[in-house]
Structure formats: C-alpha cells, structure tokens
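Analysis of the macromolecular model
Read off the chains here:
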Amino acid sequence: MPEQRQRRDEPESSFIFSQFFGGRQQNDAGSSGKPGGIPTFADRPARSEITEYSAIPDIINPIWPSDSALDMNIYVSPSVVLPTVKSGSASQLVLNEKNFTLGNYSDTREIDTTIKIPKEVQQNGTLFAHFMLGLSGHQLDPSAKDYSTDSAVYFFRPLNQYLPKKKAKKLKNLLAGSEEAEEEEEDNTPDVSIASYYHPNFTVSLIPDSGTQRFRQIHPAVRSHLQLEASGARDISGKNGWYYPIVYLNTFWQLRSHMMELNSTVETVPLRITLNNLQNWKFSMMSSVDDSAKQTARQAAFGASTPGGGDGTEFEMVKEILLDTNIWLLGTTGIVTILHMVFETLAFKNDIVSLQPRADLGQYTDLVFP
C-alpha cells in the first residue's frame, strides 16, 4: 500500500468572493421547504408519479448531505475499462481513503507512491485515473452485486496531457561568412508535433458548497466536472434533479516546465496525490481560467488567431512568478509600484498647474520642465 499521511491546514473563507464566484444558488424555498423547492434525494417520487419528465434538468441539488463521510478509491490504468483487483499489472490501486469528511477543510490526505508506465502509454497512449467515490460503508465497485448508484459514483479522468511541442527556430550566425550564414526563419510547416506529458503532482479536490444550481447556466468548464445522478431521478415536477459531489482533478498549478514527456524510455514515474476540500468560488475561478488558457495554447499551436495575439505561455509565466517568488517580496513590489504611479501622477499635475497663464500678464511664466 502507498505511504499515507495526514496534514491539517487552516480553513480559508471569503464572503465577498463567494458571492461572485460561488455556484448559482437558489435561495427560494418551495412547498418542500428545501432550497429551490426540491426535496432530498431520499424523498424523491417514483417515476410513475411524474407526468412531465425532462431529460435535461433545470435546477439540481446535491444528492448527499454536505457533511457526509466518504470513501474513495483511485485506480490507474491505460484503459477506459473499469479495472478490477484481478487485472494485475494492467491496473494499480494508488489511493484508498476511508471516512473523508466532505466540507471539513482541515481534513487533508496525502499519498506518495510510484507507478509503472504501461507500454500503451509509452507509445502515446493515455493514462487514466479511475475514481470510485461513495458514502462510507457502501460498496464502491460498480461490478459488485450490492453496488447502488444512490450511494456511490464511478468516473475516470486522464492523468497525462497532450501538448504541442515548441517549433525549433533556424538562427542566422552573424559572425559567419555570407556563404556559411543561414537565413533566420521559423518552421512554418502545417503539421504540429504533439507529445504526451505527465506531471507527478495531482490535487483531488471535493467541492462541498456548490449548492443548488441551474444546470443550463453553469459555465462549461465547471460543467465538465459535474456528474448528474445516474438513474435520472426527478422531483414531482419532472424538471429538477440531483448531482454527485463535484470532484476536481486540480491541474491549475501544473507548470509545463515541470512536466516530463512519456515515451519508451520512461518506465516508472512518481505520483503524489493530495485529497482535500476546496471552496466553490475557488473551483469556479480556477477551472474557468485554466480551461481558457489551455484553449488559447491549443489554438495558437495550430496557427489560429487568439485574443491579444498570445500563445498561452503568458499565463504560465504568471503562475511561475506566483509560485517561485516570495509572497512578501511580491506584495512589497506591488505596493512600491502603486506608490510610484501615485507620485508620478502628482508630479504631472504639478507641472500642469505651473504652466497656467498669469491673469495679470496674460502670458506663461515660471515654466517648469521635468
């Protein structure tokens, strides 16, 4: 089993940000007395009682209470097929946590292990992480007879990323003779070289305060991490449903410079997983910004025009500054910059005042030049 340890962090909160970046929560209560007028999942009506059924829900509520105790298993496999214990080397259990408290921001779990890279992944295949999440004490394996989608959920996510390689530039040697000099040009070939990259650090964050949301109004980047209740149950109106806790495979702080290329020479890689709770406003902001940056980099790699003419590396530079620079030095630099701008504005205002004409002479006097 992987080495496991627990770490306690102080909880963070921000009322102002939660108002802007929080989920689209509905505070109106219907006849059931629940947010959005939706009963709990346990009190859902039978399908035969619903007269008008909508396949796409309007309002969705969390299926489990926000303080539920959860169990989670994570398997790593090169296949999208659900791995089992009998599959041997084709899959590997890398995380097995019990009684993780949803909504307890001080409950943080960490594992540090090493995984073997299968041949399929060495040959440009995808390495998948299979997530099994459920209420503590319930069956997590979907292939088991006593498995129920009411108390457990299964899904998978890729661990590696397919990123374009940087094009090599041909440079001109200014010291060489005219015959030996090479013209400076950039490789304009239409084909883009794509490679599989892997980062050893992953943060698996559960979002406990996502609350009641309008499904059609959720940001696409956020919706990609949201999973509706598997049976498609609805309330008595037939328009509202439930969703499982949002599990965010956080790659926001993964830098391209820290990634390794997966090829035939890579046989084993380290894997460090942090399991924690994350506020909904942070999740909404990070997922949307990260998705936008990746789309910009993807468009630039294939030669498409991007807003501002960037290639996606600008955001990488910002993250490097935030990660590698001391927070006190960064704050001091920001304060000094603001003060410098204020003083420059005051000095410019003083120059304008000194250029005003005197009323008695009708001409400019005492000109001051910086």
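Residues numbered from 1 in each chain as written. Predicted model: local features only at pLDDT ≥ 70, side-chain atom pairs only at ≥ 80, totals over all residues. Heavy atoms only, no water.

Topic: the sheet that holds strand β16 (residues 260-261)
Backbone hydrogen bonds hold the strands of a sheet together, and the pairing may be parallel or antiparallel. Taking strand neighbours across the sheet as the criterion, the three strands line up as β8-β11-β16 in an open arrangement whose pairing is antiparallel. Every interior strand has two partners, whereas the edge strands, β8 (161-164) and β16, have only one. Bridge count for strand β11 (residues 194-198) against β16 is two bridges, and the pairing is antiparallel. Paired with Tyr198 across the bridge in β16 is Met260. (Pairing = 2+ DSSP bridges. Helix = DSSP H or I, 4+ residues; strand = E, 2+ residues; numbered from the N terminus.)

Concerning the side chain of Glu97
Note that Glu97 resides in strand β4 (residues 92-101). You can call Glu97 buried: its relative accessible area is 5%. At 2.7 Å, the side chain of Glu97 forms a polar contact with the side chain of Arg109. (Buried < 20%, exposed > 50% of the residue type's maximum accessible area, 1.4 Å probe, protein only. Polar contact = N/O pair within 3.5 Å; in protein donor to acceptor, adjacent residues only side chain to side chain.)

Quick word on the packing of aromatic side chains
Across all of its chains, the model carries six aromatic pairs by this definition. Ring geometry for Phe41 versus Trp242: centroids 5.4 Å apart, planes at 80°, classification edge-to-face. Taken together, the residues Phe41 in the loop between α1 (15-21) and β2 (59-62) and Trp242 in strand β14 (residues 241-243) connect sequence positions 201 residues apart. Exposure class is identical for Phe41 and Trp242. Each is buried. Seen in terms of ring centroids, Tyr248 and Phe283 are 5.1 Å apart; in terms of plane orientation they differ by 65°. Their pairing is edge-to-face. (Phe/Tyr/Trp six-rings, centres within 6.5 Å; stacked < 30°, edge-to-face > 60°.)

With respect to a nonpolar patch on the surface
A cluster of nonpolar side chains, namely Ile335, Ile338, Leu339, Val342, Phe343 and Leu346, defines an oily patch on the protein surface of about 590 Å² accessible area. Positionally, Leu339 belongs in helix α6 (residues 327-354). (Patch = residues over 30% accessible without salt bridge, like charges linked within 9 Å, V, L, I, M, F, W, Y side chains within 5 Å. Areas by Shrake-Rupley, 256 points an atom, 1.4 Å probe, with all protein chains shown as cover. Salt bridge = Lys/Arg side-chain N within 4 Å of Asp/Glu carboxyl O.)

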